[in-house]
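# Structural characterization, general
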Amino acid sequence: MDKLIIEGGTPLEGAIEVNGSKNAALPILLSSILLESPQTFRNVPDLRDIHTTRKLLELLGLHCAYDCERHEMRMEPGPLVPEAPYELVRTMRASVLCLGPLLARLGQAKVALPGGCAIGARPVDQHLKGFEKMGASFELEQGYIVGRCDRLRGAEITLDMPTVGGTENLIMGASIAEGETVLHNAAREPEIVDLANFLNSCGADIQGQGSSTITVRGVPKLIGADYAVMPDRIEAGTFLVAAGITGGRLFVKNCPMQALEAVVLKLQAMGMAFREEDGGVWASIDGPIQPCDLKTQPYPGFPTDMQAQLMAMMCLASGTSMVDERIFENRFMHASELVRMGARISITGHSAVVRGVPKLIGAEVMASDLRASASLVLAGLAAEGTTQVRRIYHLDRGYERIENKLCKVGAKIRREHEID
Ligand code: EPZ
């Protein structure tokens, strides 16, 4: 296992790149199960989860080739196999997004039920409920969801909550179903819009993406059309925080500012300033970090995937901040590690009180999940002394060689291989 060694205290200065969005690329790549022709995806980030998705697609019968220099994934269709095995699904919950495409193409699917993860139980009941309305039936067999249908039929579906994965799975299944599907209380995330835009470029008929009501008129088949994945708004947001927490000034290239509106508003409240220029944004802070309160919500509210990163910055604010995590039931794993660096955080249920301290002190800390890892790196960049962030395979799921990018803007950070 690898760890990152960070010497904190250097304000970051310079320009930093944002890769393609992990959370757009995963459903878009898995939607290639629906295609009956070759396909090239561009701006695909070189991440662990992308390679896990490639392995899954190969197991399902597609031929995939990833060019990490060009960040391109080439897909060739092949005879489909309807089974996503546990040893793969357990490493990446998003594998469940192959359910809709397999049901739509083959009328059958056997997908390991994704277990929970560090941040919560992560059920998929809404996915199954939606497909049952479209004519599928499911059995749970030795930990596998086994789904069958003659053919998915369009239906009117109201989701209990705006689930991102549930919305994506149902859009993909409905895209070549028979008839029209209307999704109510759909999630509105930009990654869903990217998926819908990709499918429409292949001949799908999806309307309303980005709103709470999405209409999908099934078409007979989809023909691949080359597509570039949107920039990763969470990676970009993480770099905005890196500028603020270190008191530096960063130019974040191809930063999707509109998709980060809720995050930018909070960072402005904490004292940061932003100036958009040439498709990117200058991010800086003058004066002390101000405290702020935040509540995570479905898009366009404040994204849960940025909660841990802002909590790291709140630790150094000139006052007390409140965090209300409303999406996942256990997404404060970073707090106890930040406390080991001198932060003052108290957790009660889904609420955290963060009392600002004058400085954080470097320490050995342990990453527990993807965004918690990012939070610890950010804290290490600002802390006095040396921070070691261990088990950064979590970080590698969602950030492409983050230490190289941070080094280029002045961070004293290196990766070491660790025999655990
Ligand atoms: C997606 O996960 C993202 N992952 C997550 O990002 C992100 O945190 C999450 O959306 C919320 O924005 C990908 O896109 C690959 P949900 P997903 O279904 O689809 C409950 C990261 O760090 N729920 O919107 O799994 C669920 O328990 C990752 O990049 C049900 O109850 O999230 C949760 O409380 C972490 N039943 C809430 O809804 C269901 O059938 C939101 O889950 C589905 C979800």
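Residues numbered from 1 in each chain as written. Predicted model: local features only at pLDDT ≥ 70, side-chain atom pairs only at ≥ 80, totals over all residues. Heavy atoms only, no water.

### Digging into the overall build of the protein
Which entries qualify depends on this criterion: Helix and strand definitions here come from DSSP, where helices need a minimum of 4 consecutive H or I residues and strands a minimum of 2 consecutive E residues; each element is numbered from the N-terminal end. Our radius of gyration looks at C-alpha atoms and nothing else; its globule reference is 2.2 Å times the residue count to the power 0.38. Think of it in three bands: residues with accessible area under 20% of the maximum for their type are buried, residues over 50% are exposed, and the middle band is partly exposed, with areas taken using a 1.4 Å probe on protein chains only. By definition, residues are in contact when any of their heavy atoms lie within 4.5 Å.
Counting its regular elements, the protein contains 14 helices and 24 strands. A compact globule built from 420 residues would reach a C-alpha radius of gyration of about 22 Å, and the protein, at 21 Å, matches this within 12%. If you line up the protein on its principal axes, its C-alpha atoms span 65 × 45 × 40 Å. Looking at the protein as a whole, 58% of its 420 residues are labelled buried. The contacts of the protein with a sequence gap of at least 6 include a subset with a gap of at least 24, amounting to 73%.

### Observations regarding the packing of aromatic side chains
Operational definition: Working definition: a ring pair exists when centres of Phe, Tyr or Trp rings (six-membered ring for Trp) sit within 6.5 Å. Plane angles under 30 degrees give stacked, over 60 give edge-to-face, the rest tilted. Throughout this description, the term charge over a ring refers to an Arg CZ or Lys NZ atom that lies within 6 Å of the ring centre and within 35 degrees of the ring normal.
The tally for this structure, following the rule as stated, stands at three aromatic pairs. A cation sits over an aromatic face here: Lys110 above Tyr144, 5.1 Å from the ring centre. Against the face of Trp282 rests Arg249, its NZ or CZ located 4.0 Å from the ring centre.

### Digging into the site of the ligand
The cut-off we apply is this: Distances are taken per atom, and a residue is near a molecule or strand as soon as one of its heavy atoms is within 4 Å of it. Nitrogen and oxygen atoms within 3.5 Å of one another constitute a polar contact, given that in protein one can donate a hydrogen and the other can accept it, and given that sequence-neighbouring residues count only through two side-chain atoms. Calculation of accessible area relied on Shrake-Rupley with a 1.4 Å probe; when residues are assessed, cover is drawn exclusively from the protein chains displayed. Residues are sorted three ways: Asp, Glu, Lys and Arg are charged, Ala, Val, Leu, Ile, Met, Phe, Trp, Tyr, Cys and Pro are nonpolar, and all the rest, Gly among them, are polar.
Surveying the vicinity of the ligand reveals 23 residues, the closest of which are Gln126, Thr163, Val164, Asp305 and Ile327. Between an oxygen atom of the ligand and a main-chain N or O atom of Ile327, the distance comes to 2.6 Å. Here the ligand, which alone exposes 830 Å², has 85% of that area covered by the protein. Per-class residue counts for the shell around the ligand are ten nonpolar, six polar and seven charged.

### Details of the pairing of strand β23 (residues 386-390)
Worth spelling out the cut-off: Paired strands, as defined in this entry, are two strands with at least two bridges between them according to DSSP. When the strands point away from the viewer, a crossover counts as right-handed if the route from the first strand across the helix to the second turns clockwise.
As judged from the five bridges shared by strand β1 (residues 2-7) and β23, these two strands associate in the antiparallel manner. By the bridge assignment for β23, Ile5 is matched with Gln388. Bridge analysis of strand β22 (residues 364-366) against β23 gives three bridges, and the strand direction is parallel. Within β23, the position partnered with Glu364 by the bridge is Gln388. The handedness of the β22 to β23 crossover, carried by helix α12 (residues 370-382), is right-handed.

### Some points on the environment of Val111
Relative to the helices and strands, Val111 resides in strand β7 (residues 108-112). According to the relative accessible area criterion, Val111 is buried, its value standing at 0%. Sequence-wise, Val111 and Pro82 are 29 residues apart; in three dimensions their C-alpha atoms are separated by 8.0 Å. Once residues lying within four places of it in the same chain are set aside, the contact partners of Val111 are Ala84, Val89, Val96, Cys98, Leu99, Tyr144 and Ile145.

### Here we look at the sheet that holds strand β15 (residues 249-252)
Our working rule: Only the stretch in contact is used when fitting a helix axis, every axis being a line fitted to C-alpha atoms; angles between N-to-C directions are given from 0 to 180 degrees.
Pairing is mixed across the open sheet formed by four strands, whose spatial order is β2-β15-β17-β16. In this open sheet, the two edge strands, each paired with only one partner strand, are β2 (13-16) and β16 (272-277). Averaged over neighbouring strand pairs, the angle between their axes works out to 15° when direction is ignored. Here helix α8 (residues 233-246) sits on the sheet in contact with β2, β15, β16 and β17 (280-285), set at roughly 165° to β15.

### As for the side chain of Ser37
When you line up the elements, Ser37 lands in the loop between α1 (22-30) and β3 (39-42). Its relative accessible area of 13% is what places Ser37 among the buried residues. Polar contacts involving the side chain of Ser37 include one to the main-chain amide nitrogen of Gly224, which spans 2.6 Å.

### Examining the side chain of His127
Within the secondary structure, His127 sits in helix α5 (residues 125-133). For His127, the residues in contact, after removing those within four places along its chain, are Val96, Thr163, Gly165, Gly166, Asn169 and Leu170.

### Notes on the sheet that holds strand β18 (residues 293-295)
Across the sheet, which stays open at both edges, the four strands sit in the order β18-β19-β21-β20 with mixed pairing between neighbours. Whereas interior strands pair on both sides, the edge strands pair on one side only; in this sheet they are β18 and β20 (344-348). Strand-to-strand twist in this sheet, taken as the mean axis angle between neighbours without regard to direction, amounts to 10°. Bridging between β18 and strand β19 (residues 320-324) involves three bridges; their strand directions are parallel. Across the sheet, Lys295 pairs through a bridge with Asp324, a residue of β19. Taken strand by strand, helix α10 (residues 307-314) contacts β18, β19, β20 and β21 (351-355), and its axis lies near 165° from that of β19.

### Describing α12
How we decide: Here a helix's expected span is defined as the number of its residues, less one, multiplied by 1.5 Å.
With 13 residues, α12 ought to run about 18 Å at 1.5 Å a step, and its terminal C-alpha atoms sit 19 Å apart, in line with that. Burial analysis of α12 places 13 of its 13 residues in the buried class, the great majority of the element.

### As for the packing of α1 against helix α7 (residues 190-201)
Test applied: Helix crossings are classified by the rotation of the near helix relative to the far one: an anticlockwise turn of less than a right angle makes the crossing left-handed, while a clockwise turn makes it right-handed.
Packing of α1 against α7 leaves a shortest axis separation of 9 Å and a crossing angle of 35°. Considering the relative orientation of α1 and α7, their crossing is right-handed. Contact with α1, carried on its side by Asn23, Ala24, Pro27 and Ile28, involves Glu191, Asp194, Leu195 and Phe198 of α7 and no other residues of that element. Split into classes, the residues belonging to the contact of α1 with α7 amount to five nonpolar, one polar and two charged.

### A closer look at the pattern of salt bridges
Where we set the bar: What makes a salt bridge here is a side-chain nitrogen of Lys or Arg within 4 Å of a carboxyl oxygen of Asp or Glu, nothing more.
One pass over the structure, following the stated rule, counts 27 salt bridges. A salt bridge links Lys129 to Asp160; the shortest N-O distance between them is 2.7 Å. With Lys129 in helix α5 and Asp160 in the loop between β10 (156-158) and α6 (164-175), this pair connects stretches of sequence that are 31 residues apart. Salt bridges linked by common partners bring Asp2, Asp396, Glu403 and Arg415 together as one network.

### Re the pairing of strand β8 (residues 137-141)
By the bridge criterion, five bridges tie β8 to strand β9 (residues 144-148) in an arrangement that is antiparallel. Residue pairing in the sheet places Leu140 in a bridge with Ile145 of β9. The turn linking β8 back onto β9 is made up of two residues, and Gln142 within it adopts a positive phi angle of 45°.

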